[in-house]
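Examination of the molecular architecture
If you want the building blocks of each chain, they are given just below.
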Amino acid sequence: MPRLRDNPWWPTVWVRQTGRSVNAERILKAGVFRNSRRLKNSLVLEVEHRGKLCTATIEASPNLTEEDLILLRHILLQHHGEEMRIVADLNIDFPNTDASCS
């Protein structure tokens, strides 16, 4: 099973509320998962990085359906407050690939 961060749709750039970008490596090293919000055709991830809120958006695509986004949000919300290096290393296969999550 692929780790979340190994998927092509996993964010590589995060944006602070100030508009400055933070690369994924910095988020992995010092980020803490805070929330996941569902929008039409997307999922907005919220991470606290060095006391500042950062967001990234995952868009629905042929490789990641609306149903996948709903499942991903449900799984991510169970990891509220965990370090992003742990969250990004979660192994998940979505139902449309005939696999399960762990």
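Residues numbered from 1 in each chain as written. Predicted model: local features only at pLDDT ≥ 70, side-chain atom pairs only at ≥ 80, totals over all residues. Heavy atoms only, no water.

Here we look at the environment of Ala56
One can find Ala56 in strand β5 (residues 52–59). Considered as a pair, Ala56 and Arg38 are 18 residues apart in the sequence and their alpha carbons are 12 Å apart. Setting aside its immediate chain neighbours within four residues, Ala56 contacts Pro11, Val13, Trp14, Leu43, Val44 and Leu45. (Helix = DSSP H or I, 4+ residues; strand = E, 2+ residues; numbered from the N terminus. Contact = heavy atoms within 4.5 Å.)

Regarding the side chain of His79
Tracing the sequence through the fold places His79 in the loop between α2 (66–77) and α3 (84–88). The exposure class assigned to His79 is buried, which follows from its relative accessible area of 16%. In contact with His79, other than residues within four places in its own chain, are Phe33, Val87 and Leu90. (Buried < 20%, exposed > 50% of the residue type's maximum accessible area, 1.4 Å probe, protein only.)

Considering α2
The terminal C-alpha atoms of α2, which comprises 12 residues, lie 17 Å apart, in line with the 16 Å expected from a rise of 1.5 Å per residue. Listing the buried residues of α2 in full gives Asp68, Leu69, Leu72, Ile75 and Leu76. The buried residues of α2 occupy an angular sector of 125° when the element is viewed end-on, so they sit on one face. Close packing links the buried residues of α2 with β3 (31–39), β4 (42–49), β5 and α3. (Expected span 1.5 Å × (residues − 1). Arc of directions from axis to C-beta.)

Focus on the packing of aromatic side chains
One pass over the full model with this rule turns up 1 aromatic pair. Relative to Trp10, the ring of Trp9 has its centre 6.4 Å away and its plane inclined at 65°; by these criteria the two rings are edge-to-face. Both residues of the pair, Trp9 and Trp10, belong to the buried class. (Phe/Tyr/Trp six-rings, centres within 6.5 Å; stacked < 30°, edge-to-face > 60°.)

Some remarks on the pairing of β3
Bridge count for β3 against β4 is 8 bridges, and the pairing is antiparallel. For Arg38, the partnering residue across the bridge sits in β4 and is Leu43. Between β3 and β4, which pair antiparallel and follow one another directly, the connecting turn spans 2 residues, one of which, Asn41, has a positive phi of 65°. (Pairing = 2+ DSSP bridges.)

Examining unusual backbone geometry
The backbone phi angle of Asn41 is positive, close to 65°, even though this residue is not glycine. Positionally, Asn41 belongs in the loop between β3 and β4. Since its relative accessible area comes to 35%, Asn41 is described here as partly exposed. The backbone phi angle of Arg50 is positive, close to 50°, even though this residue is not glycine.

Some points on the environment of Leu76
With respect to the helices, strands and loops of the structure, Leu76 is situated in helix α2. For Leu76, a relative accessible area of 0% translates into the label buried. Each C-alpha atom, one on Leu76 and one on Asn23, is 20 Å from the other, the two residues being 53 residues apart in sequence. Ignoring anything within four residues of it in the chain, the contact list for Leu76 reads Leu4, Phe33, Ser36, Leu43, Leu45 and Val87.

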